[in-house]
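# A structural walkthrough
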Amino acid sequence: MDHNLRVYNTLTKQKEPFKTVVPGKVSMYVCGPTVYKPSHLGHMVGPVIFDTVKRYLTYLGYDVKFVVNITDVDDKLIVEAPKQGLSVSELAERVTKDYVENLKKLNVTGIDEMPRATHYIPAIIEIIQGLIDKGYAYPAAGDVYFDVTKDDDYGKLCNRDPEQLEAGARIEVSDKKRSPGDFALWKSAKPGEPAWDSPWGKGRPGWHIECSAMSMKLLGKTLDIHGGGLDLQFPHHENELAQSESYNGCTFVNYWMHNGLMRIHSQATKIKDAPSGPLSPVGSGIGGEGQPQKMSKSLGNEIVVSEIFKRHQPETLRFFLLATHYRRPIDYSEERLEEVRRGLDSFYRFFERLERVAKRSFYAFPSPPRDDGGGEFAEFRKRFLEHMDDDFNTGGAVGVLYELLSALNRFADLKQLEAGKATGDDVKAFEQGVVYLKELSGLLGVFSSAPEKPKADHASQKLVVGLMQLLIDLRAEARKAKNFALGDQIRKRLGELGVTLEDRPGGTDWRKD
RNA sequence: GGCCCCUUCGCCAAGCGGCUAAGGCAGCGGAUUGCAAAUCCGCCAUCCCCGGUUCGAAUCCGGGAGGGGCCUCCA
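### Looking at the nonpolar core
Counting residues in hydrophobic clusters, the biggest one holds 95 residues, and the most contacted among them are Leu57, Ile225, Phe384 and Phe447. In terms of nonpolar packing, the next biggest core, distinct from the first, is built from 23 residues, Trp186, Trp200, Met216 and Tyr247 among them.

Here it is as structure tokens:
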């Protein structure tokens, strides 16, 4: 592969040139959600980022296999399901559906497989047995634990010393464990809990083992990329790493990628900061004072994704997520999303302009060839790709996208494209620039189709269009008669209804916010 | 207590030792317009503080202040 891509690796804490295990192929595994509650904003960060990573790797010529797992059996589900009068599997099914729908709206198209933990029980048991045979794990009264003291380099991902895990004293207490850092590979079932037969009795897998099993079955012993939220680094990824390498005896992951967490200014902080106030649970406070804090189900400050989609286009959310480098935290706020939307509007207006100039929808522009077509807009393409090569710096790339947009508008102004005064060469140069915009925005997974308009039934839609045309015609007559007062009044009153009129040489366009 | 990380314009944000510190939002001035909207042009930061390394630092090192994450379930 001929490219300059460098990827930050959490394990080595530095950017490294990207090389794959198998030339031309990339295996990528990202930890998905435990499906016991509807997805919140934080759950969308990883999928959007790694979907974009896949787009870029594919663009570079790699054949990428991208797996996101679903944890569909876990203590959380066992507690939550009865509350909703559902079985564990029914709850899992319901929440998974919500998750998948959200991803689809966000144009996350790259996931090849979404394996469920419960579908890999035999593989999980096989690995656990192997670990016991090799002396890395021990059964204890129906449970099976991984013995961290047997693994020489345990803790290498997060700089954790097994000896010190004791000192923290925040480790799950259990008489069955030999040392505090040991973690469960298999948990015995209490009556009524979901359970599978195993050599150690009825039970279910521990949290970390499913990822070792599924990644190995679907992608092999050594993964090119393993991703997930920063909060999964320890203990989840550390433990996955320990299990997999102990079992397979080879490197588990070449590039560990961790995305920053979604944060929110919640009231929780405010309360905590108060001199002697009680630490009471809080609802999902939008806005609020105090410092930002990560969004999570356990803190109860999460913003449910489906709620966001009632107020914002999915594309706005995707753009918002990609406008910041993936390793940094992102602070969510309604204002911020609104700001991003205003920025996106300038692209949408350009697309309208494009239709007037080229008589073609941006969305209908042909899929661009992946090469440098030259022309005066080529430098933007180059700079965009340089940003992507630098550890998928989508924030920098978004900046270039805006610059390209601006350059295209400038060009169209200068050459008077709308007035039809441009030469054939000018039009060609312009369209080459549009092709770049198409190519680059496609890499980010945005502008691939027109944003959904608010739904209205066909008849009333037709009526609105008709009435608008009527008002525009009446206003045009008034203006023709130099009756600007009347014309302005029509525009002002429409403005109060959220409708903006734009007078152009060729007629008047209208837009509803 | 231990381990990571962050601090750049009013807000968001790129920057990873050397071009005038990207870009977005907001704001101001101008072109265009009958007036607007949209678009374009121009203006708008020496980088948390203090030391040090270097010919040269927002970028490296040390100290300080503030913030975040993990060490318990978490994307």
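### Some details on the domain arrangement of chain A
Looking at the assigned domains, one finds that chain A contains domain 1 (6-259) and domain 2 (458-512). Of note, the centres of domain 1 and domain 2, computed from C-alpha atoms alone, are 57 Å apart.

### Points about the confidence of the model for chain A
Any segment with low pLDDT has predicted coordinates that should not be analysed in fine detail. For chain A, per-residue confidence averages 91 on the pLDDT scale, and 93% of positions sit at 70 or higher. Within the model, the stretch residues 268-288 combines pLDDT values under 50 with 26 contacts to residues more than four positions away or in other chains. Two numbers describe this predicted complex: its pTM, 0.94, and its ipTM, 0.97.

### Examining the state of the cysteines
In the structure shown here, the tally under the stated rule is 0 disulfides. Cys31 takes part in no disulfide bond, and the closest cysteine sulfur to it belongs to Cys211, at a distance of 4.0 Å. Here Cys250 stays free of any disulfide, with the sulfur of Cys211 as its closest cysteine sulfur at 17 Å.

### Points about the packing of helix H12 (residues 378-389) against helix H13 (residues 394-414)
The N-to-C vectors of H12 and H13 enclose an angle of 170°; their axes lie 8 Å apart at closest approach. With respect to each other, H12 and H13 are oriented roughly antiparallel. Between H12 and H13, the contacting residues are Phe380, Arg383, Phe384, His387 and Met388 on the first element and Thr394, Gly396, Ala397, Val400, Leu401, Glu403, Leu404 and Ala407 on the second. Among the residues making up the contact of H12 with H13, the classes are represented as 8 nonpolar, 3 polar and 2 charged.

### Some points on the pairing of strand E5 (residues 137-140)
Note that E5 and strand E6 (residues 143-146) share 4 bridges and pair antiparallel. When the bridges of E6 are listed, Ala137 appears paired with Phe146. Here E5 folds back onto E6 in antiparallel fashion, the turn holding 2 residues, of which Ala141 has a positive phi close to 50°.

### Some details on empty space enclosed by the protein
Taken as a whole and judged by the stated rule, the model has 1 cavity of 30 Å³ or more. Approximately 30 Å³ is the volume attributed to the largest cavity. Along its surface, the largest cavity is lined by Ile49, Thr52, Val53, Leu322, Tyr326, Phe392 and Thr394. The leading source of residues in the lining of the largest cavity is helix H1 (residues 41-59), at 3 residues. Partitioning the lining of the largest cavity into residue classes produces 5 nonpolar, 2 polar and no charged.

### Description of the packing of aromatic side chains
All told, the structure shown has 24 aromatic pairs when counted by the stated rule. Ring geometry for Phe146 versus Phe183: centroids 5.1 Å apart, planes at 15°, classification stacked. Of this pair, Phe146 sits in strand E6 while Phe183 sits in strand E7 (residues 183-188), and the two are 37 residues apart along the sequence. For the pair formed by Phe146 and Phe183, the shared burial category is buried. Geometrically, the ring pair formed by Phe411 and Phe430 is stacked, given 6.3 Å between the ring centres and 10° between the ring planes. Taken as a pair, Phe411 in helix H13 and Phe430 in helix H14 (residues 424-444) lie far apart in primary sequence, 19 residues in all. On the basis of relative accessibility, which here comes to 2%, the residue Phe430 falls in the buried class. Through a chain of ring-to-ring contacts, three or more aromatic side chains come together here, namely Phe319, Phe347, Tyr348, Phe350, Phe351, Phe362, Tyr363, Phe377, Tyr402, Phe411, Phe430 and Phe447. Here the guanidinium or amino end of Arg160 rests over the ring plane of Phe234, the centre of that ring lying 4.3 Å away. Sitting above the plane of the Tyr138 ring, Arg178 keeps its charged end 3.9 Å from the centroid.

### Some thoughts on the pattern of salt bridges
Applying the stated rule across the entire model yields 42 salt bridges. Across the pair Lys190 and Glu193 runs a salt bridge whose closest N-O atoms are separated by 4.0 Å. What makes Lys190 exposed here is its relative accessible area of 58%. Between Glu431 and Arg360 there is a salt bridge, with its nearest N and O atoms 3.1 Å apart. With Glu431 in helix H14 and Arg360 in the loop between helix H11 (334-358) and H12, the pair connects residues that are 71 residues apart, well separated along the chain.

### Digging into the sheet that holds strand E8 (residues 203-205)
Ordered in space as E5-E6-E7-E8, the 4 strands form an open sheet in which the pairing is antiparallel. Either end of the sheet is taken by a strand with one partner, and the two such strands are E5 and E8. Averaged over all pairs of adjacent strands, the angle between strand axes in this sheet comes to 20°, irrespective of strand direction. Bridge analysis of E7 against E8 gives 3 bridges, and the strand direction is antiparallel. Among the inter-strand pairings, Ser188 is bridged to a residue of E8, identified as Gly203. Sheet strands touched by helix H4 (residues 121-133): E5, E6, E7 and E8. Its angle to E7, the strand with the most contacts, is close to 120°.

What counts as what
- Residues numbered from 1 in each chain as written.
- Chains lettered and ligands numbered in written order.
- Predicted model: local features only at pLDDT ≥ 70, side-chain atom pairs only at ≥ 80, totals over all residues.
- Heavy atoms only, no water.
- Core = buried A, V, L, I, M, F, W, Y, C linked by side-chain atoms within 4.5 Å.
- Buried < 20%, exposed > 50% of the residue type's maximum accessible area, 1.4 Å probe, protein only.
- Domains from an automatic or database assignment.
- pLDDT = per-residue confidence, 0-100.
- Contact = heavy atoms within 4.5 Å.
- Disulfide = S-S within 2.5 Å.
- Axes fitted to C-alpha atoms, helices over the stretch in contact; angles between N-to-C directions.
- Helix = DSSP H or I, 4+ residues; strand = E, 2+ residues; numbered from the N terminus.
- Parallel < 35°, antiparallel > 145°, perpendicular 65-115°, else oblique.
- Nonpolar A, V, L, I, M, F, W, Y, C, P; charged D, E, K, R; others polar.
- Pairing = 2+ DSSP bridges.
- 1 Å grid on protein atoms, 1.4 Å probe; cavity = no way out; pocket = protein on both sides within 12 Å on 5 of 7 lines; lining within 4 Å.
- Points joined across faces, edges and corners; volume = space filled by probe spheres on them.
- Phe/Tyr/Trp six-rings, centres within 6.5 Å; stacked < 30°, edge-to-face > 60°.
- Lys NZ or Arg CZ within 6 Å of the ring centre and 35° of its normal.
- Salt bridge = Lys/Arg side-chain N within 4 Å of Asp/Glu carboxyl O.

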